[in-house]
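Single-letter residue listing:
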Amino acid sequence: GALVYQYPRRTICKSGTSMRMECQAVGFQATSVAWYRQSPQKTFELIALSTVNSAIKYEQNFTQEKFPISHPNLSFSSMTVLNAYLEDRGLYLCGARGQGNSDYTFGSGTRLLVI
Amino acid sequence: AQKVTQTQTSISVVEKTTVTMDCVYETRDSSYFLFWYKQTASGEIVFLIRQDSYKKENATVGHYSLNFQKPKSSIGLIITATQIEDSAVYFCAMRLDSNYQLIWGSGTKLIIKP
């Protein structure tokens, strides 16, 4: 079956530092990877959508300068939160899908705490 | 603009009963897909059930079923014979056929009491 592994599950970083999270697709080719953030008491906001061999598309409130994403092949993607501050805390979720009319499979999320 | 709305922030029921969670959506697209996911205490997102807009029959998977009322743009989730382990936050989401972006509702917290 299609699985998505996301790590780390939980991380704490000091304010102003950066942290990187990774997303691994197993059992299928991750043509597209979507990164979401769930801030405390809120729903999921799309940060960016990455499709292999295409430019990464960031949503309005998110930038490449703050959340650089790498999607080098069909099984792996990573995202870094640069210069993290309190407002960046939350659960970061990666979802991957293959070609055709397949739906997203989600990782277990990376919970970021900023101190 | 596309939007998904869940008005119930929290529901509490006794186990072994049936619960319904509401969700309404907005889109001008004629083809779309509706999903329900649950988020466990650890944050993990689990896919539960999906309804394709062109299908008239309500989807059913295990003890989950949907009440799809297309004229009302409504997709309610029904859980029968609830168990303690069904306690979680339930999210409704929509994906258009024209793109693969998921639009999420705000979630409904379900508490199952013994």
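In this text the structure is predicted, and so the values were computed from the model without any measurement.

Undergrad: Hey, could you go over the overall build of chain B for me, with residue numbers and the actual values?
TA: A tally of regular secondary structure across chain B gives zero helices and twelve strands. Its C-alpha atoms give chain B a radius of gyration of 14 Å, near enough to 13 Å, the size a compact globule of 114 residues would have. In chain B, buried positions account for 46% of the 114 residues. In chain B, the proportion of contacts linking residues at least 24 apart, taken out of those at least 6 apart, comes to 55%. Chain B carries 12 positive and 10 negative side-chain charges, and their two centres are separated by 4 Å.

Undergrad: So, the environment of Thr18 of chain B: which residues are in play, and what are the values?
TA: All names here are of chain B. Residue position: Thr18 is located in the loop between β2 (10–14) and β3 (19–21). Between the C-alpha atoms of Thr18 and Thr80, which are 62 residues apart in sequence, the distance is 4.3 Å. Beyond its immediate chain neighbours, meaning those up to four positions away, Thr18 contacts Ile78, Ile79, Thr80 and Ala81.

Undergrad: Could you give me a rundown of the environment of Leu113 of chain A, with the residues and numbers involved?
TA: Residues and elements named next belong to chain A. Looking at the element boundaries, Leu113 is found in strand β11 (residues 110–114). In this structure the C-alpha to C-alpha distance between Leu113 and Gln99, which are 14 residues apart in sequence, comes to 34 Å. Here Leu113 is in contact with Arg10, Thr11, Ile12 and Cys13, once residues within four sequence places are set aside.

Undergrad: Tell me about the interface of chain A and chain B, and name the residues and values.
TA: Interface size, as often reported, equals the accessible area lost upon joining of the parts. Tallying the contact residues gives 19 residues for chain A and 17 residues for chain B. Along the contact surface separating chain A from chain B lie two salt bridges. Among the ionic pairs, Arg95 of chain B bridges to Asp103 of chain A, the shortest N-O distance being 2.7 Å. Viewed at the interface, chain B and chain A are joined by five residue pairs in polar contact (both at pLDDT 80 or more). Considering each element in turn, the side of chain A that touches chain B owes the most residues, three residues, to strand β9 (residues 90–97) of chain A. Of the residues assigned to the side of chain A that touches chain B, the class counts are seven nonpolar, seven polar and five charged.

Undergrad: Could you give me a rundown of the packing of aromatic side chains, with the residues and numbers involved?
TA: Here the structure, examined in full by the defined rule, presents 15 aromatic pairs over all chains. Aromatic pair Phe106 of chain A and Trp104 of chain B: ring centres 5.6 Å apart, planes at 65°, arrangement edge-to-face. Residue Phe106 of chain A is located in strand β10 (residues 105–106), and its partner Trp104 of chain B is located in strand β11 (residues 102–104); the two belong to separate chains. With a centroid separation of 6.3 Å and an interplanar angle of 65°, the aromatic rings of Phe35 of chain B and Phe47 of chain B are classed as edge-to-face. You can see Phe35 of chain B sitting in strand β5 (residues 32–39) and its partner Phe47 of chain B sitting in strand β6 (residues 45–52), a full twelve residues away along the chain. Judged by relative accessible area, Phe47 of chain B falls into the partly exposed class, the value being 45%. Taken together, the ring pairs connect Tyr36, Phe44, Tyr104 and Phe106 of chain A together with Phe35, Tyr37, Phe47, Phe91 and Trp104 of chain B into an aromatic cluster.

Undergrad: Tell me about the pairing of β6 of chain B, residues and numbers included.
TA: Residues and elements named next belong to chain B. Pairing of β5 with β6 involves seven bridges; the strand directions are antiparallel. By the bridge assignment for β6, Tyr37 is matched with Phe47. The hairpin turn running from β5 into β6, its antiparallel successor, is five residues long, and Gly43 in that turn takes a positive phi close to 100°.

Undergrad: Give me a nonpolar patch on the surface: which residues, what numbers.
TA: Residue and element names in this part refer to chain A. There is a patch of nonpolar side chains on the surface, built from Leu3, Tyr5, Tyr7 and Val26 and spanning about 340 Å² of accessible area. A per-element tally of the nonpolar patch places strand β1 (residues 3–7) first, with three residues. Its place among the elements puts Val26 in strand β3 (residues 19–26). Under the relative-accessibility criterion, Val26 is labelled partly exposed at 34%.

Undergrad: So what's going on with the state of the cysteines? Which residues, and what values?
TA: In this structure the tally under the stated criterion is two disulfides over all chains. Paired by a disulfide, Cys23 of chain A and Cys94 of chain A hold their sulfur atoms 1.7 Å apart. Taken together, the positions of Cys23 of chain A in strand β3 and Cys94 of chain A in strand β9 put the pair 71 residues apart, joining distant regions of the chain. As far as the burial class goes, Cys23 of chain A and Cys94 of chain A line up, both buried. Here Cys23 of chain B is linked by a disulfide to Cys92 of chain B, with a sulfur-sulfur distance of 2.0 Å. Its S-S torsion of about -75° marks the bond between Cys23 of chain B and Cys92 of chain B as left-handed, since a negative value means left-handed. Of this pair, Cys23 of chain B sits in the loop between β3 and β4 (24–26) while Cys92 of chain B sits in strand β10 (residues 88–96); the two residues are 69 residues apart in sequence, bridging distant segments of the chain. With respect to burial, Cys23 of chain B and Cys92 of chain B carry one shared label: buried. The cysteine Cys13 of chain A is free of any disulfide, with Cys94 of chain A supplying the nearest cysteine sulfur at 19 Å. Given a relative accessible area of 6%, Cys13 of chain A falls into the buried group.

About the criteria used
Residues numbered from 1 in each chain as written. Chains lettered and ligands numbered in written order. Predicted model: local features only at pLDDT ≥ 70, side-chain atom pairs only at ≥ 80, totals over all residues. Heavy atoms only, no water. Helix = DSSP H or I, 4+ residues; strand = E, 2+ residues; numbered from the N terminus. Rg over C-alpha atoms; globule rule 2.2 N^0.38 Å. Buried < 20%, exposed > 50% of the residue type's maximum accessible area, 1.4 Å probe, protein only. Contact = heavy atoms within 4.5 Å. Lys, Arg positive; Asp, Glu negative; His and termini not counted. Charge placed at Lys NZ, Arg CZ, Asp CG, Glu CD. Salt bridge = Lys/Arg side-chain N within 4 Å of Asp/Glu carboxyl O. Polar contact = N/O pair within 3.5 Å; in protein donor to acceptor, adjacent residues only side chain to side chain. Nonpolar A, V, L, I, M, F, W, Y, C, P; charged D, E, K, R; others polar. Phe/Tyr/Trp six-rings, centres within 6.5 Å; stacked < 30°, edge-to-face > 60°. Pairing = 2+ DSSP bridges. Patch = residues over 30% accessible without salt bridge, like charges linked within 9 Å, V, L, I, M, F, W, Y side chains within 5 Å. Areas by Shrake-Rupley, 256 points an atom, 1.4 Å probe, with all protein chains shown as cover. Disulfide = S-S within 2.5 Å.

Spatial relationships are all this shows, so hold off on functional conclusions.
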